[in-house]
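Overview (structure and organization)
One letter stands for each residue in the lines below.
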Amino acid sequence: MKTQSVKQEFDAAPWAGRVRKYDIVKEATIAFVIVSMLVVLLSLIFSSPDDKQLTFRGWAQTNPTDFYATTVKELAGTSESAGYGPPYNTASSGLNIGPLWLQKWAGVTHPVDVPNDLVVTPLSLSVLSANETSALDTWKSASADQQTMWATTYDTAITDANGDYTVVPAGDYGPVPVLANALTNIAAKGSLDSLLLAGGNFYSTDNTKQILFFGDGAYLSDAATAANLQGNTWGMMNETGRYPGQAWLWLYSIWYQVPPFTNEASAPVGSNADAYVMFVVLGLTAGLMFTPLIPGLRSIPRIIPLHRKIWKSYYAEENIKRRK
Amino acid sequence: MITETQTPEDSKMWTARLRNSWQRNLPIDKLLPDTQPAYVASWIYVFGVLTLVAFVDILISGLILAFAGPAWYHTSSLGLFVNSLHFWGVQLFFVFMVVHLWGKFWMAAWRGRRTATWITGMVAFLASIGTAFTGYLIQTNFDAQWIAFEAKDGFNAVGVGAFFTPTNIGQIMLIHVALLPLVLGVITVMHVLMVRKRGVVPPIDALPGNEAL
């Protein structure tokens with residue numbers, strides 16, 4: 001015990017042994033010049049990634065079928081966003097870890113009324129044909145049950161037709177086909193991006209509705225797959241092009257490569273993977289942060305003697321042997 | 001110490017106490033030493049200062065990008081170059097910081113009442129990850145769209161998404177440009193001052209009794 005105390009005091013006390021000249025300002029200046037030159041050199045040689053942003057116009061023009069089908073899902077309430085839960089709506093309770101329902105407890109702080117915010121309001125703010133205006137009026141004046149019946153019937157029919165609305169048999173779909181077609185045309189002309197962002201207002205800096213709508217279709221996901229950005233291919237730390245990405249997120253990304261986190265069907269971990277991974281990473285980070293206070297963990301540097309390499313010359317000069 | 005112009009009561013003033021505490025713990029020769037212990041003789045010691053200068057590089061390029069706006073680099077070749085300076089500054093910053101972190105781990109650099117130094121270093125590391133992450137979110141390109149879409153699920157899953165919204169570029173912009181650099185700057189200053197106060201940790205085995213680890 002006394003030896004420990006002596007050692008602690010020795011480690012904490014100002015160094016009274018041999019010293020050497022060390023020009024800290026000169027070192028920092030030289031380091032700044034060298035690092036700056038390296039940054040300039042890397043920038044000149046490799047530039048930086050900047051794949052163009054996706055737009056609703058691009059989606060509706062290059063894959064109108066998918067955009068159309070996604071619009072129908074938004075109206076039917078069968079899209080991922082419509083069933084998401086907090087913080088957007090109360091359609092589900094969200095993820096949990098045992099008794100911890102943090103997503104639910106945090107509440108709906110960013111309410112998004114999916115059919116209205118993503119489809120009906122943009123249509124209401126647009127110049128429509130007489131037929132489209134009539135369809136919109138029909139939709140608005142119908143009961144919620146009627147709206148759901150029309151949209152879900154049409155959504156099921158499109159799904160049965162493998163997503164191709166052009167080959168769907170006739171049915172009681174109400175105004176839904178006209179509304180979906182109208183929004184597809186608006187998107188193809190490039191108006192939907194700003195309609196979703198500002199919603200008729202002047203200022204807005206919140207892209208939540210756009211991102212949610214994008215995520216409900218295949219356009220964004222397909223682009224991410226093509227760029228190798230999906231979570232199960234280390235996508236959280238990858239980025240477009242041949243650039244290093246956020247390599248420092250490896251400890252977070254790694255859990256999305258291994259079971260049970262990779263199996264969404266497996267309960268409770270796989271089906272709540274996003275929540276479990278957060279907690280795992282939080283625990284590991286806390287472990288590293290509080291290493292000095294954790295017996296055993298804090299002894300690793302003494303047990304694995306890499307320090308003998310770091311202070312090799314000092315140990316040799318002072319003839320200090322490793323203590324077991 | 002009380003000078004001729006001071007009364008004894010002056011030493012009880014908050015200002016005088018702060019000054020005296022500063023002078024006692026961090027005199028200028030500790031703050032800007034021109035010698036180091038003989039054992040400070042490895043390349044591993046360079047990575048702390050390399051991290052600091054990379055941070056300065058990032059702040060400079062970031063300041064230019066902040067004035068020009070987040071979409072500037074999409075249409076200007078000069079903007080793309082400055083964005084590249086920012087990008088590669090961040091990449092080097094993390095390489096230096098991670099080497100510094102693991103170097104300090106294997107030195108058990110928390111010994112000798114340096115626990116707070118280690119913890120502030122870790123907090124700086126986490127703040128850096130947050131700053132880089134928010135930087136990726138405000139690129140206003142495809143990468144940013146995809147990261148926002150994916151990241152929202154992680155934050156929402158643990159309730160954080162109710163307050164921190166990766167899909168809200170206005171919020172993320174302010175956090176990236178104002179809040180996190182300030183937090184990182186303050187923590188870094190605290191970390192460096194702690195290092196200067198305690199000095200560089202002596203080698204393991206330098207004295208008998210290293211069971212204290």
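The interface of chain B with chain A comprises 98 residues on the first partner and 103 residues on the second. Around 9200 Å² of area is buried between chain B and chain A when both sides are counted, 67% of it from carbon and sulfur atoms. Contact with chain A buries surface across chain B, with Trp 88, Trp 106 and Phe 142 of chain B losing the most and accounting together for 9% of the total. Here chain B and chain A share three salt bridges between them. With a closest N to O distance of 3.5 Å, Asp 205 of chain B and Arg 308 of chain A form a salt bridge. At the boundary of chain B with chain A, the tally comes to 36 residue pairs in polar contact (both at pLDDT 80 or more). Listed by contribution, the elements that provide at least two residues to the side of chain B that touches chain A are strand 1 (35-37), helix 3 (46-68), helix 4 (72-75), helix 5 (77-106), helix 6 (115-137), helix 7 (142-157) and helix 8 (169-198) of chain B.

According to the domain assignment, chain A consists of domain 1 (2-47 + 294-323) and domain 2 (56-226). Summarising the inter-unit geometry, the C-alpha centres of domain 1 of chain A and domain 2 of chain A are found 57 Å apart.

Right, let's get into the packing of helix 6 (residues 114-124) of chain A against helix 7 (residues 130-141) of chain A. Residues and elements named next belong to chain A. Orientation of helix 6 relative to helix 7, taken along the N-to-C sense of each, is 130 degrees, at an axis distance of 11 Å. What the angle tells us is that helix 6 and helix 7 run oblique. For the element pair helix 6 and helix 7, the recorded crossing hand is left-handed. Every residue of helix 7 that contacts helix 6 at Val 120, Leu 123 and Ser 124 is listed here: Leu 136, Trp 139 and Lys 140. Partitioning the contact of helix 6 with helix 7 into residue classes produces four nonpolar, one polar and one charged.

Glancing now at the environment of Asn 238 of chain A. All names here are of chain A. Along the chain, Asn 238 falls in the loop between helix 12 (219-226) and helix 13 (250-253). Judged by relative accessible area, Asn 238 falls into the partly exposed class, the value being 25%. In this structure, the C-alpha to C-alpha distance between Asn 238 and Ser 253, residues 15 residues apart in sequence, is 9.7 Å. Excluding its chain neighbours within four sequence positions, the residues that come into contact with Asn 238 are Asn 228, Leu 229, Thr 233 and Gly 245.

Conventions and cut-offs
Residues numbered from 1 in each chain as written. Chains lettered and ligands numbered in written order. Predicted model: local features only at pLDDT ≥ 70, side-chain atom pairs only at ≥ 80, totals over all residues. Heavy atoms only, no water. Contact = heavy atoms within 4.5 Å. Buried area = accessible area lost by both parts, 1.4 Å probe. Salt bridge = Lys/Arg side-chain N within 4 Å of Asp/Glu carboxyl O. Polar contact = N/O pair within 3.5 Å; in protein donor to acceptor, adjacent residues only side chain to side chain. Helix = DSSP H or I, 4+ residues; strand = E, 2+ residues; numbered from the N terminus. Domains from an automatic or database assignment. Axes fitted to C-alpha atoms, helices over the stretch in contact; angles between N-to-C directions. Parallel < 35°, antiparallel > 145°, perpendicular 65-115°, else oblique. Left-handed = near helix turned anticlockwise from the far one by under 90°. Nonpolar A, V, L, I, M, F, W, Y, C, P; charged D, E, K, R; others polar. Buried < 20%, exposed > 50% of the residue type's maximum accessible area, 1.4 Å probe, protein only.

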